[in-house]
Amino acid sequence: MGNFRLTDLNPPQLEAVKAVSGPVMILAGAGTGKTRVITARIAWLLHIGTPPEQILAVTFTNKAAGEMRERIAGMVEREQAAKLTIGTFHALCVRILRTGIDRLGYKHNFTIYDEGDQLSLLRKIITRTASKDEKLDPHAAKNLISQAKNKAWNPPEDDQTLLGAVYARYNQELRQLNAVDFDDLLVLARKLLAEHEEVRRKLQDRYRQIMVDEFQDTNRLQMDLVALLAGDPPNVCVVGDDDQSIYGWRGAEVANLLEFERHFPNPTIVKLEQNYRSTNTILNAANALILNNPRRRAKKLWSDHGDGPKIRTIRMADDREEASFIAGEIRQRQVDDALPWEAFAILFRMNAQSRLFEEQLRAHGIPYRLIGGKSFFDRREIKDVIAYANTALNPSDDVSVLRIVNTPPRGIGEGTVESALHESVERKCPLWDILRSEAYLEGVSRARSNAVRAFVDQIETLRIRLATPGADSAELLGGLLSECNYFDDLKRSCKTPEEGLDRESNIRQLLSDLREFEGKKKGGLTAFLDALALRNEREEEKKDDQGNGVTLITLHAAKGLEFPHVYLVGLEEGILPHDRSKMEGSLDEERRLLYVGITRAMKSLAITWCNGRTRYGSLMPAHRSSFLAELPADLVETVDASVILSAPASQEDAAARFGRLRAALGG
DNA sequence: AATCGTCTGCTTTTT
DNA sequence: GCAGACGATT
C-alpha cells in the first residue's frame, strides 16, 4: 500500500520515520526535509497498521496543516487520509471545547473573539475601570493579558493595579458574554483536560500517536496540552529546531525543546542535518553565526549542492539607495540570467522597511507581492456579517450585539444603547435579555421601543430559522441583510461606488463560501464561524490573489519558505539586532532571526546595510550590524554600492555576460 | 455624527 | 514621517 518509498529518505530521516513508540524528538535543521519526514512517518504508521483516527498531527498554522494534509493525500488512500486529525492547536482545542466546555460553566454555543473583539471589549472595560489620571493602552493590555494566559500564569487578580483589575474584569466579562478569546481556547482546553479525568482519558484513548510540528514555538500552555493528551507510554513525536525559535516574545519557550527530556524521559533523538536547499557557502555562514548562541542543541547543516557564489555584503549610502540598487539589480539579473521574478525575495526586519522597496520596484516596473498586511476577515463588512451570525447563535455576545444594533441605522441611537447597557450591568445579564424584556421596553418611548422590538424580532426569527434542520444559512443571512437594507447603507457609507461594490462582493463571497462549506462539511454555521475565527477558510485563495513577482516579506513571516535569490536588507545596529532586543536581553533571538533569513536562500544571498537611514522622519547615521562580523570572512565578499554604481559595465562583467550567453546557446 | 486637526509614539504577530 | 487615536469643532 501507499505511494511512498522509504528509499527516498536519508538514514536519519528513515530513523525518525521508523521511531514510533515512546517519545521522539526530531531536531530538524532548516531545509532538512522536515515536512517530508512528518508525512512519511504518518504514512509509515498507517502502513504498520495504526488506525488513522488514532493519529494526531498538530501544527501552528493552517497553512502548514493544509500542506501536510495535501502531501499525505498523495501518499495514502483517501478514506484513511480523511480520518487523520491534522490541525492547529487552536482548531484542536475548539473541537475539544465544543463538546466539553459546559463542564467549565460555559455554554456550548460560545463565540470566539478575535483581536478586534478583544480590543473593543478591553476599551470598554478600561474606560469604565480607569480613574481620570490613569491610562492603559488597550493594545498593551491585550498583549499583557495574552502573555499571562500563554505562560499559564494564575491571573494576577490583585485589584490594586489597574492592569490587575482590568484583567479580572476582562475574564469575568468574557464568561458572561459566553465568549472566549484565542488564548482561552488553549487555557480552557487545558483546564478541561487537567480537571476532568473522563475527558482526558477519552482523548488519550483516541489519540495514541501525537506529532507536533515547530515544537520550538510552543508555549507553556501548548506544552501542557501535549503532556495531557499523551497517554502511557507517551507516543509523542515533536519536530523542531531550537535555532529557529523566533517567537519568544509571544511566549514561545525554546526550553520545551531544549529540555524535552524533562517532560518525556528517554526520548529517541534524531538530528536532521543534511540540507536540501542551500549552497554550502550559505550553510556555513549560517552555522558559524549560530555558533555564537549559547544554550542550543549542536547542529551543523551541510548539503551536496556545492559552494556556489560568495555571500555579498553591500554597503549603501542610505535606505533610498538600498532600495533602488536592489530594484535595479533584480531587474538586471532577471534579464541577464533569465530568471523569473519569483526567484527573488527581499527580507526585512520591520514592515515599515517595505515601503521604499515597493516604491522602487514599482518605479522599475517590477511586479512584487507584499506578504502580510490586513486580512480579509478584518474588513468592516465581513465583521458585520459575522456579528449578525454570532448574535443569532449566541445572544449573550454583547460585543456582536453592539456592533450590529444600529448597523444599519434603525433608530436605536446611542442613548437607547447606553441605557440598555446600564440596565444590563445593573442586572448582571446580557444586553440582549434587556432589549427583549417587556419591563425595559415599557420604560422607554414608543419610537424607541418599536425600533428595538423590530430588531429583536428580526434576530429571533433568524435564530429560529437557522435552527431548522437543513436550513440554508447563507440564504437566511443574505436575506436578512437585504431586508434591513444593509447593502444600501454599506454603499452609502463608502467614499466611491467602486469601494461599495467591492465591499458588497466581499460579502457575497463570504456567503458563497458559507454555502459551499455547508454543502460539504458538517457542523453548519457554527463550524463555519469557528473556521473563520481561526482564519482557516479561504487561505490559499487569498495568497494566490496577490499574484506573482518579487517577494517582500519580514524575517518572521519568511520562516519555512525558501527563495533562490535572497536580499537581506537593513543589517544595521538598531534594526537587526533591533534596538529593543538589547533592553530585553533577546539578542540571541535576533541572531536566530538572521539565521532564519540566511537559511531561506537557495543559491545566492546578498546582505545590505546603510551608512544612513531615515528613521522617524530624518536621516540618521547608521552602522553595520555586529552580526556581520560573525560571518566567516572567506565566505563573504564585501562590496560598496557606490563603487558598483559608478563603474556600471566593467570589462569583466561583459566577459562574464558573454560567457553566460554562449552557455545558454549551448556552445 | 462626522470630520478635521493635533498629538503621540514608534518590532516581530502562526491563532 | 506617518498612522492611529482622540478631542474639538461645525
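Now for a look at the structure at hand. (Residues numbered from 1 in each chain as written. Chains lettered and ligands numbered in written order. Predicted model: local features only at pLDDT ≥ 70, side-chain atom pairs only at ≥ 80, totals over all residues. Heavy atoms only, no water.)

Right, let's talk about the overall build of chain A for a bit. In terms of helices and strands, chain A carries 32 helices and 16 strands. Over its C-alpha trace chain A gives a radius of gyration of 28 Å, about what one expects of a compact globule, namely 26 Å for 667 residues. Projected onto its principal axes, the C-alpha positions of chain A cover 90 × 60 × 55 Å. For chain A, long-range pairs separated by at least 24 residues make up 77% of all intrachain contacts whose partners lie at least 6 apart in sequence. Of the roughly 30700 Å² that chain A leaves accessible, carbon and sulfur atoms contribute 50%. Side chains of chain A carry 91 positive and 96 negative charges; the gap between the two charge centres is 1 Å. (Helix = DSSP H or I, 4+ residues; strand = E, 2+ residues; numbered from the N terminus. Rg over C-alpha atoms; globule rule 2.2 N^0.38 Å. Contact = heavy atoms within 4.5 Å. Areas by Shrake-Rupley, 256 points an atom, 1.4 Å probe, with all protein chains shown as cover. Lys, Arg positive; Asp, Glu negative; His and termini not counted. Charge placed at Lys NZ, Arg CZ, Asp CG, Glu CD.)

This part takes up the protein's contact with DNA strand C. Around DNA strand C sit Arg355, Tyr616 and Gly617, and that is every residue in its neighbourhood. Among the atoms of DNA strand C close to the protein, meaning within 4 Å, 46% are from sugar or phosphate groups. Between a sugar or linking oxygen of DNA strand C and a main-chain N or O atom of glycine 617, the distance comes to 3.0 Å. (Near = heavy atom within 4 Å. Polar contact = N/O pair within 3.5 Å; in protein donor to acceptor, adjacent residues only side chain to side chain.)

The next point concerns the protein's contact with DNA strand B. Neighbouring residues of DNA strand B: 22 residues in total, closest Arg250, Arg349, Asn351, Thr554 and His556. Each atom of DNA strand B within 4 Å of the protein belongs either to a base or to sugar and phosphate, the latter forming 42%. One nitrogen or oxygen atom from the side chain of glutamate 584 is found 3.1 Å from a base oxygen belonging to DNA strand B. Tallied by class, the residues present in the surface near DNA strand B amount to seven nonpolar, eight polar and seven charged. (Nonpolar A, V, L, I, M, F, W, Y, C, P; charged D, E, K, R; others polar.)

Another point: the pattern of salt bridges. For the structure shown, the criterion picks out 50 salt bridges. Here aspartate 114 makes a salt bridge to lysine 383, at a shortest N to O gap of 3.0 Å. Separated by 269 residues along the polypeptide, aspartate 114 in the loop between β4 (111-113) and α6 (115-129) and lysine 383 in helix α17 (residues 380-393) bring together distant segments of the chain. By the burial criterion, aspartate 114 is buried, and lysine 383 matches it. Of the charged contacts in the structure, one is a salt bridge between arginine 355 and glutamate 359, with a shortest N-O distance of 3.3 Å. Taken together, the residues arginine 355 and glutamate 359, both in helix α16 (residues 354-363) and four residues apart, mark about one turn of the helix. Among the residues examined, arginine 355 registers a relative accessible area of 55% and is labelled exposed. Judged by its relative accessible area of 32%, glutamate 359 is partly exposed. One salt-bridge network, in which partners are shared between bridges, spans Lys34, Asp213, Glu214, Asp217 and Lys559. (Salt bridge = Lys/Arg side-chain N within 4 Å of Asp/Glu carboxyl O. Buried < 20%, exposed > 50% of the residue type's maximum accessible area, 1.4 Å probe, protein only.)

In short, geometric facts, not functional conclusions.
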